[in-house]
Number of protein chains: 2
Amino acid sequence: MLMDKIIAIHEQDSDVICQPGIGWMELNDILKQKGIPLFFPLDPGPGATIGGMLSTGCSGTNAVRYGTARAEWFLNATVVLPSGEVIKTRRRARKSSAGFDTTKLFIGAEGTLGIVTEVTIRLAPLLPTTVAVVQFPDVRKATEAVSEIINSGVGIQCVELCDDQFMKATNLNGQSSRKWPEQDSLFFKFQGPTPRALQETADIVKKITQKHGGTGFTLARSEKEAADLWQDRKNALWSSMALIPGARAWSTDVCVPPSRLPDLVYGTKEDLEAHGIPFTIVGHVGDGNFHALLLFTNDEELERARAAVGRMIHRALALDGTCTGEHGVGIGKRDYLREELGAGTVALMKTIKKAIDPLNLFNPGKVYPDEEKPEEVKKVDLVPHA
Amino acid sequence: MLMDKIIAIHEQDSDVICQPGIGWMELNDILKQKGIPLFFPLDPGPGATIGGMLSTGCSGTNAVRYGTARAEWFLNATVVLPSGEVIKTRRRARKSSAGFDTTKLFIGAEGTLGIVTEVTIRLAPLLPTTVAVVQFPDVRKATEAVSEIINSGVGIQCVELCDDQFMKATNLNGQSSRKWPEQDSLFFKFQGPTPRALQETADIVKKITQKHGGTGFTLARSEKEAADLWQDRKNALWSSMALIPGARAWSTDVCVPPSRLPDLVYGTKEDLEAHGIPFTIVGHVGDGNFHALLLFTNDEELERARAAVGRMIHRALALDGTCTGEHGVGIGKRDYLREELGAGTVALMKTIKKAIDPLNLFNPGKVYPDEEKPEEVKKVDLVPHA
């Protein structure tokens, strides 16, 4: 059973009731075919389903404009609890202050607290967009420009940082015939109600980027050109992997406060170069989140990559960041949660898990770290479960 | 101890670390005095503190643009748990997928799960705004216009519905000397990066409102006039109470999917008129949320108002709405939670309360309904607390 049905579309309310197995791209295609000028604006990897997006608390390139799955895109969820009981977390109203929001409990819980069988999700208006690309002398200048652009209030749907290595990979392996300067670059997607609004945004962005050392500002002259430019960013994984024949890629997703992104990127590049690990970087720079794609071809290189990822996570945590900006914890990042959140917060998460799923039936072994330090066990014991 | 300090302002990251006792207006004033062009965009009642806003999961007139406290405005919270342990729910990164978000657990919990001692909150760019007012033949036409305007993607910071009764109260008691047509009206606050963007928004909004029967579109010609026009909306409580000398007001806050708002408003007006209860209506129409201000001068009238509020809540629930869009549950709305959320969801909330606060130490008697139906008690027993 795929559980991929759309149950109801409420155009005037900008919401959809659907099952969790439907993909976000499929859902958006159906809305387009029906001539409904709305879309679900969370955009993680192309294969993601609505249920998976809820369970990982996902985000993507659109998060700088629309926030993440942890905001208010999921209005309610119908959930089978470990007890077998089926609940619906909230009504279809856009807002409610009726107690703490139990929908949020399942967002990012990676299936450990319940099985989602139906959701109501909000849609956003589908607006005209266009794309621009600009080069910078370095990552710090690019980051400073982004901060000023976002604070100007113009319509930015996406702003992506692509480092010099990524631009090189795109020149070598990209689908488009365009050859880019091999410099740290920003890819913008502008959004606005009218062509005039898009042009005004482009003018303001061009001026701010120039002020911060940006060069070669290129604005798409047509929808087709915009799609082509954006495709160069979207092909990140394939262009990067083609740098080394037969390579596989490890994609990281640490996230820090945006002002600290340059330190994180510089520290990471230095470390990867020192250890001879080939890589490219593409980042959701407006949110302080980036993906380093570490390339490896054999087990020895894989182990070197793994060690570098560990160092990258500690570097992000030292900058007040997180081990995972959007991919989730799963098994691989459980061991970083205590360092990131503190033993008390992890104990609280486990207290809730234990209260809802006392027999540990749902997705056991995921999210929660296994072992507890002796002093933490003592603290948990102070909270008896009556 | 007021606990109203600002700990740190990070302008480039658009966030602030502060204590919960500071008011949102005070915080925004301080940012303005420092020349920082950012603000905290949640705008409940003027006296609200950051801690109270977190605890009720508040919102206000800006929610149509910025969402509510349940979105991602609270990046993290430092919380004293009932066990005495102090935790910090998350780091300062804007995004994280490190498990379910324990910050969200305390938003809307009304102090029943923990005492918040410090928060990191996100700020938004402070942009130029202006104000427009337009009259409609009825609430349905106004609601349809709002839906089309929001889907056009223009910069709407607020859109407020004021009914004919409210416009009458404003003419009688408003601070401004302006006399309004006593018709159902919309008050808009437009927002944009430049004066040209604001003018474009005004042109598009005027056209759409006219298509839906709107008349008398009035756009402020100066900042001063914009402030005056908006003041007429902001004086809702005082203008309305002055309709009847010595009256007090009961403010309701039901919320439904926006397309159902007209049915809710018409049903409510009919009911209040039939029972001879004086009232005005002001609503956050973009979110399907409205406040009916029911006026009363003695105990008998208070009881009549109370009964009408109960009927209004059942009417909202029948339209897939909530008993409280932004005010919270407290004591008064506990008894509606099972009807709104279902016994299973309420039991889940109580399971979490019991796991975190087994001795019921924190804000006892609030939020959670007291008595459980026999069959619900049985279901809860299926989830043993090991």
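In this text the structure is predicted, and so the values were computed from the model without any measurement.

> Explain the interface of chain B and chain A here, please?
How large an interface is tends to be reported as the accessible area lost when its parts come together. On the side of chain A, 99 residues touch chain B, which itself brings 99 residues to the contact. When residues of chain B are sorted by the area they lose upon contact with chain A, Arg91, Lys95 and Phe100 of chain B head the list and together hold 12% of the total. At the boundary of chain B and chain A, one finds eight salt bridges. Glu200 of chain B is the partner of Arg196 of chain A in a salt bridge, and the nearest nitrogen-oxygen pair spans 3.8 Å. Summed over the shared surface of chain B and chain A, the result is 46 residue pairs in polar contact (both at pLDDT 80 or more). Contributing elements (two or more residues each) for the side of chain B that touches chain A: helix H3 (63–66), strand E5 (86–88), helix H4 (102–106), helix H5 (139–151), helix H7 (195–211), helix H12 (337–341) and helix H13 (343–356) of chain B. When residues in the side of chain B that touches chain A are grouped by element, the largest group, eight residues, is from H13 of chain B.

> What's the story with the sheet that holds strand E11 (residues 215–219) of chain B in this structure? I'm lost.
Residues and elements named next belong to chain B. Spatial ordering of the open sheet is given by E11-E8-E10-E9-E13-E14-E12, a layout of seven strands whose pairing is antiparallel. Every other strand in the sheet has two partners, leaving E11 and strand E12 (248–251) as the edge strands with one partner each. On average, each strand axis in the sheet is tilted by 20° relative to the strand beside it, whichever way the strands run. Here strand E9 (residues 156–162) pairs with strand E10 (residues 185–191) via six bridges, running antiparallel. Paired with Glu160 across the strands is Phe187, a residue of E10. Along the sheet face, helix H11 (residues 299–318) touches E12 and strand E14 (289–296) and points at about 160° away from the line of E14.

> What exactly am I supposed to notice about the domain arrangement of chain A here?
Residue and element names in this part refer to chain A. Here the domain parsing of chain A yields domain 1 (6–125) and domain 2 (129–319). Between domain 1 and domain 2, the contact holds nine residues from the first and 13 residues from the second. Together domain 1 and domain 2 conceal approximately 800 Å² of surface at their shared face, both sides included; 48% is due to carbon and sulfur atoms. Of all residues in domain 1, the largest losses of buried area upon contact with domain 2 belong to Thr61, Val64 and Arg65, amounting jointly to 63% of the total for that side. Taken together, domain 1 and domain 2 are joined by zero salt bridges. Scanning the region where domain 1 abuts domain 2 turns up four residue pairs in polar contact (both at pLDDT 80 or more). Broken down by element, the residue count for the side of domain 1 that touches domain 2 peaks at four residues, all from helix H3 (residues 63–66). Within the side of domain 1 that touches domain 2, the residues separate by chemical class into four nonpolar, three polar and two charged.

> Looking at this structure, how should I read the UniProt feature "domain: FAD-binding PCMH-type" (unreviewed entry) in chain A?
Those residues carrying the UniProt feature "domain: FAD-binding PCMH-type" (unreviewed entry) are residues 1–126 of chain A in this numbering. Helix makes up 21% of residues 1–126 of chain A and strand 25%. Its end C-alpha atoms lie 31 Å apart.

> How should helix H7 (residues 195–211) of chain A be read in this particular structure?
Residues lying three or four places apart along an α-helix face the same way, a consequence of the helix completing one turn every 3.6 residues. With 17 residues, H7 of chain A ought to run about 24 Å at 1.5 Å a step, and its terminal C-alpha atoms sit 25 Å apart, in line with that. Along H7 of chain A, the residues that are buried comprise Ala197, Leu198, Glu200, Thr201, Ala202, Val205, Ile208 and Thr209 of chain A. Contacts from the buried residues of H7 of chain A go to strand E8 (129–135), helix H5 (139–151), strand E9 (156–162), strand E10 (185–191) and strand E11 (215–219) of chain A together with H7 of chain B. Of the residues flanking the end of H7 of chain A, it is Gly213 of chain A, one or two places downstream, whose phi is positive at about 90°.

> So what exactly am I meant to see when it comes to the relation of the copies chain B and chain A here?
Superposition of the two copies of the chain requires a rotation about an axis and a shift along the axis. Once chain B has been moved 0.0 Å along the axis and rotated by 180°, it coincides with chain A to within an RMSD of 0.0 Å. Here the transformation between the copies is reduced to the relation of a two-fold axis. Distance from the rotation axis, computed per C-alpha, reaches its smallest value in chain B at Ala71 of chain B: 2.0 Å. Mapped onto chain A, 100% of the interface residues of chain B again fall at the interface, so both copies present the same surface.

> What am I meant to see in the pattern of salt bridges here?
A side chain with one charge may pair with a side chain of the opposite charge, provided their charged atoms come close. Applying the stated criterion across every chain yields a total of 50 salt bridges over all chains. In this structure, Lys95 of chain B and Glu326 of chain A form a salt bridge, with 2.7 Å as the shortest nitrogen-oxygen distance. A residue pair is termed interchain when its members come from two chains, as with Lys95 of chain B in the loop between E5 and H4 and Glu326 of chain A in the loop between helix H11 (299–318) and helix H12 (337–341). The exposure class assigned to Lys95 of chain B is buried, which follows from its relative accessible area of 2%.

What counts as what
- Residues numbered from 1 in each chain as written.
- Chains lettered and ligands numbered in written order.
- Predicted model: local features only at pLDDT ≥ 70, side-chain atom pairs only at ≥ 80, totals over all residues.
- Heavy atoms only, no water.
- Contact = heavy atoms within 4.5 Å.
- Buried area = accessible area lost by both parts, 1.4 Å probe.
- Salt bridge = Lys/Arg side-chain N within 4 Å of Asp/Glu carboxyl O.
- Polar contact = N/O pair within 3.5 Å; in protein donor to acceptor, adjacent residues only side chain to side chain.
- Helix = DSSP H or I, 4+ residues; strand = E, 2+ residues; numbered from the N terminus.
- Pairing = 2+ DSSP bridges.
- Axes fitted to C-alpha atoms, helices over the stretch in contact; angles between N-to-C directions.
- Domains from an automatic or database assignment.
- Nonpolar A, V, L, I, M, F, W, Y, C, P; charged D, E, K, R; others polar.
- UniProt positions renumbered as here; feature names shortened; annotations may be inferred.
- Expected span 1.5 Å × (residues − 1).
- Buried < 20%, exposed > 50% of the residue type's maximum accessible area, 1.4 Å probe, protein only.
- Least-squares fit on C-alpha atoms with pLDDT ≥ 70 in both.

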